[in-house]
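Here is what each chain is made of, one letter per residue.
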Amino acid sequence: MKVIATYNLKGGVGKTSTAVNIAHLAARDGLPTLLWDLDPQGAATFTFRIKPRVKGGSKALVRRRTPIDRAIKGTDFDRLDLMPADFSYRNMDLHLDAQKQPVRRLRRLLTPLSAEYDLVVLDCPPSISLVSESIMNAADLLLVPLIPATLSMRTFAQLDEFLTGFDGRAPRVLGFFSMVDRRKRLHREVIATPPTTGRARVATTAIPALSIIERMAEVRAPVTASAPHSRAAMCYDELWTEVRAYTPIPGAVT
Amino acid sequence: MTARPPELVVDRDVVDQLAVALGTVGLTLGAAATPPTELRRTWLDTFDWRLHRAGWELEQVELDGTNTFALHGSGDHDRHELGTVPGCRVEWPAPPAALPDSAVRAQVAAAAGIRALIRTAGFEGVRRTWPVLDDEHKTVARLHIDTPAGASALPARITVSPVRGYEREAGEAARALATLDGVTAAPTSCYDECLEASGRARGGSRPVATVTAWTPAPVAVAGVLRGFLEIVEANVPGVVADIDTEFLHDLRVAVRRARSTVKLAGDAVPAPHGHLAAELKWLGDATTPTRDLDVYLLGVPAMAERLRAARPAELGAFRDHLAARRAEQFGRLVSDLGSARFTALVHCWREVTVVDPDTVPPVPTTAEFGADALRRAHRRVVRLGSTITSSSPAEQLHILRKRCKELRYLLEIFEPIEPSATRRRVLPVLKALQDCLGEFQDGEVQAAAIRTFASEMMSAGTAGPATLLAMGELAAQLDGDQHHARATFADVFAAFTKATRKLHWGGGDR
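Everything quoted here is computed from the prediction, not taken from an experiment.

Student: Sorry, what's going on with the interface of chain A and chain B here?
Tutor: When the parts of a complex come together, some accessible area is lost, and that lost area is often taken as the interface size. Listed as interface residues are 8 residues of chain A and, on the opposing side, 8 residues of chain B. Across the side of chain A that touches chain B, the residue classes break down as 3 nonpolar, 1 polar and 4 charged.

Rendered as structure tokens:
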């Protein structure tokens, strides 16, 4: 089982859209996939029309009082399940901190699912915290949406640096440009000169800023399902192809 | 594990009422049903129902050309699904290895052992599916209506399959649908219904004669012989089709038991049975070469694991030789089972088992007859075993093994007349004695067979030095096993005689 986390310190950069569409594409390609909406805002959960509620909340999950598989809900799509968001996830830092080896906790929670799923996609909240570190420890790949802007690239470099000195199991990092508007000169310039130093890599696929992606919350379905032939869906498809090439997933056709 | 959905039977078209029923529990029926899709459900088990006996039910569902395999708990109140895995179409019978690599296959293989999976029942028809939605328009369940094809007498069925995490909603939907006019909870599963339609039942119907202590002995013995004949007849098609090796094994056991019954209890049978005894020997002998080769072939992996000096791969040519010999012998066996002699044997066997209960004398009863037969069989084992020393010829141990088997068969045949306490005392020590003698005999026969095979392979030029050395190592190991069995015999036999010395045979459990 591979774990991919869509992560960025900033909010509103396309983490949830990416997590939802990548998870749907993986399931479409035959991989039993679990999407875990770790963001207390619950946008991914809302997209799949599932109620953002986990019995016992974050505390029961972290303490394993609620077995993780009991909280999982099936989506409307074959092979794709969702671990819903819960508003109590806002306190997950505190609940993790009360545990021994909190950074390893998330990975341990996911371990029993390895017989059932080939891929777990974590949709992360925008923060850098104990939850983020636990996610980094659990993930095989951090998929980082990047707005093509100077500060965004600086943050990406900081993340790379942080992971270089990460005390634990560090994931690979694949950035990709998100919400790209090629009419903007800055976007064009930043994309033309992606960072090449450090461990992290930037994908060649860029996800454009398209209203169809914004409307996912209205349609309440992945764009790869509701409009599979749209430009947005094709871009996510290309990104998924790059992800599989960068981090081979058993069972996935590359 | 997930709970299995309840099933409902429908005796009329209720499609236009489904939405109304679901509305009463706050659910809605999705607007679009899938187009009618060809459905083929196939239930699988081994010939001797090993999955059923282990509490499992394996189903292959072919829907519009897509196959899935589901393994459920088969208890009435604990209907859980271990898993559903996609796979390709399989031509049954086939070994469990034909299932897709999964937890389902592992579980099935553990329960089935070396037996092949065969089709036990099937359902063919058309499925229509509707999504069941909650107030967020999220699919919480899928409603299927399965209509049998053609002129089937089976009723249409409704199942409500929950989406994971929405079992409560699916249950509410099913309960709401059950209130519709023309819809009722299915009294039995579709599997049981399909089995019944083909005149079968789960677990099969084991042909066991009903014997009590007071049953006249001729009636009891004839019933036992009839039961063995039914086992033979049931297994012949599986032997001929070469589905798995257990068909032949079970056939041989039934023949052997029938021979012992004729020999030890044949006096009770009014019909002449001298010819039957001779023909049973012929049938037993006809099956021996193929069965022996089956045993060797099944044992090759274990033999390979025991090798110390040689490498397992060096037994490859040996395995090929066994397979070629087996194919040759199997052809002869099939020919024998299709012969007029076999047909005549079955006819003769059936005639011997025909006894009119109204004309046979009431005595001896099964209790009297059985107690006497058991006493004599036990005495024979004790007498012969007491004469065996460390220098006795192998043949003498082989004869003792046969006498032990006879005692075991009699214990099984006359089970109803033996107190369970007696059986509990005898069976463990008898089994230990049989195991010891079996190890001795296997060492004797198999070591000799390996030497014969080596000689055949050398003559044919199919064995290199490495293979011959590996076979030599195997023969040496079997020789060691035989010495070990010989060394332990005295203690095992002493335990048998001590435990059975003061037994009073028969007369119990009346």
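Still more ground to cover, so stick around.
Student: Help me understand the environment of threonine 422 of chain B in this model?
Tutor: Tracing the backbone shows threonine 422 of chain B in helix α13 (residues 420-460). Threonine 422 of chain B gets classed as buried once you count the C-beta atoms within 10 Å, which come to 20.

Student: Even after reading the chapter, I still don't get the confidence of the model for chain B, so can you show me in this structure?
Tutor: Keep in mind that low pLDDT regions are not for reading the predicted coordinates in detail. Residues and elements named next belong to chain B. Confidence in the prediction of chain B, expressed as mean pLDDT, is 88, and 94% of residues score 70 or more. Across chain B, the element-wise mean pLDDT spans from 56 in strand β1 (residues 2-3) up to 96 in helix α9 (residues 316-337). This model gives residues 76-80 a pLDDT under 50, and the stretch forms 11 contacts once residues within four places in sequence are excluded. Both scores are available for the predicted complex, with the pTM at 0.75 and the ipTM at 0.88.

Student: Help me out: how do you make sense of unusual backbone geometry in this one?
Tutor: Leaving glycine out, the prevailing phi sign among residues is negative, and the prevailing peptide bond configuration is trans. Across the junction of tryptophan 92 of chain B and proline 93 of chain B, the peptide omega takes the value 5°, indicating a cis bond. Within the fold, proline 93 of chain B resides in the loop between β7 (80-87) and α3 (103-112). Even without being a glycine, arginine 79 of chain A presents a positive backbone phi close to 70°. If you trace the backbone, arginine 79 of chain A turns up in the loop between β3 (73-74) and β4 (80-83). In the Ramachandran plot, glutamine 101 of chain A falls in the positive-phi region, its phi being about 45° despite a non-glycine side chain. Mapped onto the elements, glutamine 101 of chain A comes out in the loop between α5 (92-97) and α6 (102-110).

Student: Please clarify how the domain arrangement of chain B should be interpreted in this entry.
Tutor: Residues and elements named next belong to chain B. The domain architecture assigned to chain B consists of domain 1 (2-197) and domain 2 (217-500). The C-alpha centroid of domain 2 is placed 43 Å from the C-alpha centroid of domain 1. Counted by class, the side of domain 1 that touches domain 2 contains 5 nonpolar, no polar and 1 charged residues.

What counts and what doesn't
- Numbering of residues begins from 1 in every chain and follows the order in which that chain's sequence is written.
- Starting at A for chains and at 1 for ligands, labels are handed out in the order in which the entities are written.
- Owing to the predicted nature of the model, reporting of local features is limited to residues with pLDDT of at least 70; listing and counting of side-chain atom pairs is limited to 80 or more, with chain, interface and lining totals taken over all residues.
- Throughout, a pair of residues is in contact if the C-beta atoms placed from their backbones lie within 7 Å.
- Each residue gets one label: Ala, Val, Leu, Ile, Met, Phe, Trp, Tyr, Cys and Pro are nonpolar, Asp, Glu, Lys and Arg are charged, and the others, such as Gly, are polar.
- Helix and strand assignments come from DSSP, with helices taken as H or I runs of at least 4 residues and strands as E runs of at least 2, each series counted from the N terminus.
- The burial criterion counts other C-beta atoms lying within 10 Å of a residue's C-beta, which is placed from the backbone; the residue is buried at 20 or more, exposed at 12 or fewer, and partly exposed between these limits.
- By definition, pLDDT measures how confident the predictor is in each residue, and it falls between 0 and 100.
- Either an automatic procedure or a domain database provided the assignment from which the domain bounds are taken.

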